[in-house]
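Spelled out from the first residue to the last, the chains are:
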Amino acid sequence: MKIYFKPLTYITIFAFALFTCSSDDSSSDDSVDNGDDDDVAVTELHAAFAAFNSDAVTAILSDDGTEVYIETTGFPDHTSIYWETDNALYMDEPGVTKTTQDTYIGGGQGEAASFTVDAIPNLTGSTVTTQLNTIGIAVSGASIFNDQEGAGDLDQAAGSLDWAGAHKGPGVYHYHLEPTPITNDDESLVGILLDGVFIYGRQCISTGTYPTDLDASGGHTSTTQYTDGAEEYHYHIINEEYPAGNYAYDPAYVLFAGPFQGY
Ligand SMILES: [Zn+2]
Ligand SMILES: [Zn+2]
């Protein structure tokens, strides 16, 4: 899995290839092992991508079916104090102290992000710790971060998190906590992480309640609402309250603390 920015021309080529290669691009005999990875090909995008905000997020399957390129404007489709005050999605949040008064969604370096994941995450590799940067893209279109802020943990910054468990410093607008406009103590899809694994809310549709078989990353293998009865490895927001001190919207749940399991 690499994180890099692809020129627009590549996107065009991929899109064109999708239309021209279509179904005879066999998924079984093109698994050339170049020693790099056990890349497995698929013939269509995962059904979960249909849940993403299409105004912000674009997901494109590579022509050989082994990778998915995902890009986002980073603009969430919900209200926040971090929108400019004249934006229709601006919401006053008296309990929230913005990171700086002049920061707003779309300001600074903007919110855009992109990365490429394996179409089928590699669950046999080693675990990888998360970084202080975008670790995934939520269905709303905004970035997902881990449970760290700057050099320390999140406590010091919790007062700046909006009702979605997100904030924006000079960089992108990003979630640290359970993003309640997306999932609020339910089984909704939250987004996809850099290792290609999808993350869901605190509950799992396979049992209709909180999963009890999660690994250290909040992952387990079961059916989901997007797998048509098949079992698939995925993450959940771990149902363990995070005592986020001055967070204005108790209770708080860390969205994803890692490590990645899908590299
Ligand atoms: Zn942050
Ligand atoms: Zn589950």
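Residues numbered from 1 in each chain as written. Chains lettered and ligands numbered in written order. Predicted model: local features only at pLDDT ≥ 70, side-chain atom pairs only at ≥ 80, totals over all residues. Heavy atoms only, no water.

Q: Help me understand the coordination of the zinc ion (ligand 2) in this model?
A: Each pair of donors in an ideal four-coordinate tetrahedral metal site encloses 109.5 degrees, whereas pairs in an ideal six-coordinate octahedral site enclose 90 or 180 degrees. The protein atoms that coordinate the zinc ion (ligand 2) are Cys204 (SG), His220 (NE2), His234 (NE2) and His236 (NE2), at distances of 2.0 to 2.3 Å. Coordination at the zinc ion (ligand 2) is tetrahedral, judged from the four donor atoms that bind it and the angles of 101 to 125 degrees they form at the metal. Along the chain, the residues donating to the zinc ion (ligand 2) fall in the pattern C-x15-H-x13-H-x1-H. A relative accessible area of 0% places histidine 234 in the buried class. Classification of histidine 236 by relative accessible area gives buried; the value is 1%. (Donors = N, O, S within 2.8 Å, 3.2 Å for Na, K, Ca; no water. Tetrahedral: all angles 85-135°; square planar, octahedral: opposite > 155°, others 65-115°. Buried < 20%, exposed > 50% of the residue type's maximum accessible area, 1.4 Å probe, protein only.)

Q: I keep staring at the side chain of glutamine 203 and nothing clicks. Help me out?
A: Tracing the backbone through its elements, the reader meets glutamine 203 in the loop between strand 11 (198–200) and strand 12 (219–223). Among the residues examined, glutamine 203 registers a relative accessible area of 15% and is labelled buried. A polar contact is formed between the side chain of glutamine 203 and the backbone oxygen of aspartate 185, at a distance of 2.9 Å. Beyond its immediate stretch of four places on either side in the chain, glutamine 203 contacts Asp185, Asp186, Glu187, Gly208, Thr209, Tyr210, Pro211 and His236. (Helix = DSSP H or I, 4+ residues; strand = E, 2+ residues; numbered from the N terminus. Polar contact = N/O pair within 3.5 Å; in protein donor to acceptor, adjacent residues only side chain to side chain. Contact = heavy atoms within 4.5 Å.)

Q: How do you make sense of the coordination of the zinc ion (ligand 1) when you look at a structure like this?
A: In the first shell of the zinc ion (ligand 1), the protein supplies Glu149 (OE), His167 (NE2), His174 (NE2) and His176 (NE2), at 2.0 to 2.1 Å from the metal. When the donor residues of the zinc ion (ligand 1) are listed from N- to C-terminus, their spacing reads E-x17-H-x6-H-x1-H. Grouping residues by exposure puts histidine 167 and histidine 174 together as buried.

Q: Please explain the confidence of the model for the protein chain as it appears in this structure.
A: It should be kept in mind that the predicted coordinates are not to be read in detail where pLDDT is low. Counting all residues, the mean pLDDT for the protein chain is 88, and 85% of those residues have values of 70 or more. Low pLDDT, under 50, characterises residues 1–35; the stretch is placed with 34 contacts to residues that sit more than four places away or in other chains. (pLDDT = per-residue confidence, 0-100.)

Q: Could you clarify how one ought to interpret the pairing of strand 1 (residues 57–61) in this entry?
A: Consecutive side chains along a regular strand alternate between the two faces of the sheet. Bridging between strand 1 and strand 2 (residues 67–72) involves five bridges; their strand directions are antiparallel. The partner of valine 57 across the bridge, within strand 2, is threonine 72. Between strand 1 and strand 2, which pair antiparallel and follow one another directly, the connecting turn spans five residues, one of which, glycine 65, has a positive phi of 75 degrees. (Pairing = 2+ DSSP bridges.)

Q: What am I meant to see in the layout of surface pockets here?
A: Remark: the empty space left among the atoms is shown by a probe the size of a water molecule rolled over them. When its volume is computed, the largest pocket comes out at roughly 360 Å³. As for the largest pocket, its lining consists of 21 residues, of which His46, Ala119, Ile120, Pro121 and Glu232 are closest to the centre. Sorting the residues of the lining of the largest pocket by element identifies strand 3 (113–118) and strand 13 (231–236) as the ones contributing at least two each. (1 Å grid on protein atoms, 1.4 Å probe; cavity = no way out; pocket = protein on both sides within 12 Å on 5 of 7 lines; lining within 4 Å. Points joined across faces, edges and corners; volume = space filled by probe spheres on them.)

Q: Explain the sheet that holds strand 3 here, please?
A: As summarised here, the arrangement of the three strands in space is 1-2-3, forming an open sheet in which the pairing is antiparallel. The open sheet is flanked by strand 1 and strand 3, the only strands paired with a single partner. On average, each strand axis in the sheet is tilted by 15 degrees relative to the strand beside it, whichever way the strands run. Sheet analysis places strand 2 next to strand 3, joined by six bridges and oriented antiparallel. Its bridge partner lying in strand 3, glutamate 71 is registered against serine 114. (Axes fitted to C-alpha atoms, helices over the stretch in contact; angles between N-to-C directions.)

Q: Looking at this model, I keep getting lost on the packing of aromatic side chains. Mind explaining?
A: What characterises a pair of aromatic rings is the spacing of the ring centres plus the angle enclosed by the ring planes. Under the criterion given, the structure shown has 11 aromatic pairs. Among the aromatic side chains, those forming a connected cluster through ring pairs are Tyr233, Tyr235, Phe256, Phe260 and Tyr263. The positively charged end of arginine 202 is found above the aromatic ring belonging to tyrosine 253, 3.6 Å away from the centroid. (Phe/Tyr/Trp six-rings, centres within 6.5 Å; stacked < 30°, edge-to-face > 60°. Lys NZ or Arg CZ within 6 Å of the ring centre and 35° of its normal.)

Q: Just to check I follow, could you spell out unusual backbone geometry for this structure?
A: Negative phi values dominate among residues other than glycine, just as trans dominates among peptide bonds. Cis peptide bonds are those with omega within 30 degrees of zero, and the linkage from aspartate 250 to proline 251 qualifies with -5 degrees. Considering the arrangement of structural elements, one finds proline 251 in the segment after strand 13. For aspartate 228, which is not glycine, the phi torsion reads 50 degrees and is therefore positive. Secondary-structure assignment places aspartate 228 in the loop between strand 12 and strand 13. Aspartate 228 sits in the exposed class, given a relative accessible area of 78%.

Q: When you look at the pattern of salt bridges in this model, what are you seeing that I'm missing?
A: Think of it this way: side chains of opposite charge can pair up when their charged atoms draw near. Tallied over the full model, the rule gives three salt bridges. Measuring nitrogen to oxygen at the nearest pair gives 2.7 Å for the salt bridge that ties glutamate 111 to lysine 168. A residue pair is termed long-range when its members are at least 10 positions apart, and glutamate 111 in the loop between strand 2 and strand 3 and lysine 168 in the loop between strand 8 (166–167) and strand 9 (174–175) qualify at 57 residues. Taking the shortest distance from any N to any O, the salt bridge between arginine 202 and glutamate 178 comes out at 2.8 Å. Separated by 24 residues along the polypeptide, arginine 202 in the loop between strand 11 and strand 12 and glutamate 178 in the loop between strand 9 and strand 10 (189–193) bring together distant segments of the chain. For arginine 202, a relative accessible area of 5% gives the class buried. Overall, the relative accessible area of 6% leaves glutamate 178 in the buried class. Three or more residues are tied together by salt bridges with common partners; here these are Glu178, Asp185 and Arg202. (Salt bridge = Lys/Arg side-chain N within 4 Å of Asp/Glu carboxyl O.)

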